[in-house]
Amino acid sequence: MHRRSALAAVLVVVALAAVAAPALGHVPAFSTDNDDPGNATYVDDPAKSWSFYDRVDANESAYYRTYLDAGDRLQVSTFTPRDTGFEPGFVVLSPALNGTDGVPSHVEVPEGYGARVVEPTPIGDAEYEPFTPAALYRTAELNATVDTAGTYYVAAYDPDRGAGAVGVVVGYEESFGVEEYVTVPLDRPRIHEWEGQPAWFVYGSILLGALATLVAFAWWTDGGSKDGARGTGGDAGTRTTRSVVLAVASALYGGGVAGVAVQTAVAASVAGLTTGVLVTLAFVAIPALLGWYLLGRAIDDQQPSRARRGTLLAVALLGVGTWAGFVVGPALVVLAAFLPAE
């Protein structure tokens, strides 16, 4: 009964987190080599909220392109990961606009286009983004309805012609599709590198979390515990193909938990404790519980039954829903669920 209550509680929290995700998150994407209109990053759905992680070189701009119908909404904002004096703004370029007054000389305006300059505002306090997680500084924002259909460009630039990391948010409908539940866990480390964190710090916490899990598995199955984990359908501490697969899956869950926990602490130390931190903690606590369960099953591998296989499939599904295990972890859990008895 207690196990059923615990599982029900986990399912409720996962459901709440799944509801919160579309309301609070931007879909991450990365842009490169988009320093002129001809190579502008194309945004195929300008309503969906995208967060592009980009970089502006000295005396250059970063360009984005999309198509809007008359009456469509154009919502764009820029941000940076650090308060270092680099404060990018952006220019909206459209054939429906007249004139190019105020456009910086390092922003290229396509022939026949006019421009609207959105200058940066003084940087305020950092905002906490719960799904990366990260602390971000907003620099400029525009929310407007267009009157004319056509191709629109957005050029992010620094008024002082400086270089630095710039984030460009396009769109307003914040939602995650199936693809994002697969890619977000893999994008998180890249985002932290974009912020300027060293690779050893970004990946070190993930590696330590994974190694700690594997060490625990090795210790228990090598007889580190005198009593051992006593199962009812198998030999306690006996390594099988399924137990090793589950241990690796648990390690991937644990590595992800460690990485997100460390980044939560980093972001909260800058942006402060906000309600967004609670959302992040749900994406830490649930994968941690799932990883702990998998480690227990790996240590005390029992003969497979329909109920046990079903539980493993549920753990895999919950892992995908909470971005646990870098996709590979849940896949290994599914594999373990279908492995035959040994």
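For the structure, see preceding data.
Residues numbered from 1 in each chain as written. Predicted model: local features only at pLDDT ≥ 70, side-chain atom pairs only at ≥ 80, totals over all residues. Heavy atoms only, no water.

## Section: the overall build of the protein
Cut-off, in case you're wondering: A run of H or I in DSSP becomes a helix once it reaches four residues, and a run of E becomes a strand once it reaches two; helices and strands are each numbered from the N terminus. Only protein chains enter the area calculation, which uses a 1.4 Å probe; residues under 20% of their type maximum are buried, those over 50% are exposed, and those in between are partly exposed. The contact rule is simple, with two residues in contact once any of their heavy atoms fall within 4.5 Å. We get accessible surface area from the Shrake-Rupley algorithm with a probe of 1.4 Å; when it comes to residues, only the shown protein chains can shield them.
In terms of regular secondary structure, the protein is built from 7 helices and 11 strands. In the protein, buried positions account for 49% of the 342 residues. Long-range pairs, those at least 24 residues apart, make up 77% of the contacts in the protein between residues at least 6 apart in sequence. Roughly 16,200 Å² of accessible area belongs to the protein as shown, and the carbon and sulfur atoms make up 58% of that amount.

## So, the nonpolar core
In globular proteins that are soluble, nonpolar side chains generally tend to be buried together. The cut-off we apply is this: Nine residue types can take part in a nonpolar core, namely buried Ala, Val, Leu, Ile, Met, Phe, Trp, Tyr and Cys, and a core is a set of them joined through side-chain atoms within 4.5 Å.
Grouped together as the largest cluster of nonpolar side chains are 32 residues, with contacts concentrated most on F52, Y64, F90, V168 and W323. When near neighbours in sequence (up to four residues on either side) are disregarded, W323 contacts F131, F176, E180, Y181, V184, P185, R188 and F283. Core analysis: the second largest hydrophobic core is formed by 22 residues, L312, L318, V333 and A337 among them.

## Comments concerning unusual backbone geometry
Across the junction of T132 and P133, the peptide omega takes the value -20 degrees, indicating a cis bond. Considering the arrangement of structural elements, one finds P133 in the loop between β8 (127-129) and β9 (134-145). Here the phi dihedral of D33 falls at roughly 55 degrees; this positive angle occurs in a residue that is not glycine. With respect to the element layout, D33 can be found in the loop between β1 (27-30) and β2 (41-42). Residue classification places D33 among the exposed positions, given a relative accessible area of 64%. Although it is not a glycine, R161 sits at a positive phi angle of roughly 60 degrees. Structurally, R161 is set in the loop between β10 (150-157) and β11 (164-170).

## Regarding the side chain of T132
Stated formally: What qualifies as a polar contact is a pair of N or O atoms within 3.5 Å, subject to a donor-acceptor requirement within protein and to the restriction that residues adjacent in sequence count only when both atoms come from side chains.
Along the chain, the position of T132 falls in the loop between β8 and β9. In this structure T132 comes out as buried when scored by relative accessible area, which is 6%. Within the local environment of T132, its side chain forms a polar contact with the side chain of E129, the two groups lying 2.3 Å apart.

## Notes on the sheet that holds β1
Selection criterion: A pair of strands is treated as paired once DSSP finds two or more bridges between them. All axes here are fitted lines through C-alpha atoms, helices being fitted over the stretch that makes contact, and every angle between N-to-C directions spans 0 to 180 degrees.
Taken in spatial order, the 6 strands make up an open sheet running β1-β3-β11-β5-β9-β8, and their pairing is mixed. Strands with a single pairing partner mark the edges of an open sheet, and in this sheet they are β1 and β8. When the angles between neighbouring strand axes are averaged without regard to direction, this sheet yields 40 degrees. Inspection of the sheet shows strand β5 (residues 73-80) paired to β9 by 8 bridges, in the antiparallel sense. Across the sheet, residue T78 finds its bridge partner in β9, namely A140.

## Focus on the packing of helix α3 (residues 199-221) against helix α5 (residues 275-299)
What counts, and what does not: An angle below 35 degrees is read as roughly parallel, one above 145 as roughly antiparallel, one from 65 to 115 as roughly perpendicular, and any other as oblique. Handedness of a helix crossing follows the sense of rotation of the near helix relative to the far helix, less than a right angle counterclockwise being left-handed and clockwise being right-handed. Under this grouping Gly is polar, as are all residues other than the nonpolar Ala, Val, Leu, Ile, Met, Phe, Trp, Tyr, Cys and Pro and the charged Asp, Glu, Lys and Arg.
Between α3 and α5, the least distance of the axes is 10 Å, while the angle of their chain directions is 30 degrees. By the angle class used here, α3 and α5 are roughly parallel. Pair α3 / α5 crosses with right-handed handedness. Facing T213, A216, F217, W220 and T221 of α3, the residues of α5 in contact are L295, A298 and I299. Residues of the contact of α3 with α5, tallied by class, amount to 6 nonpolar, 2 polar and no charged.

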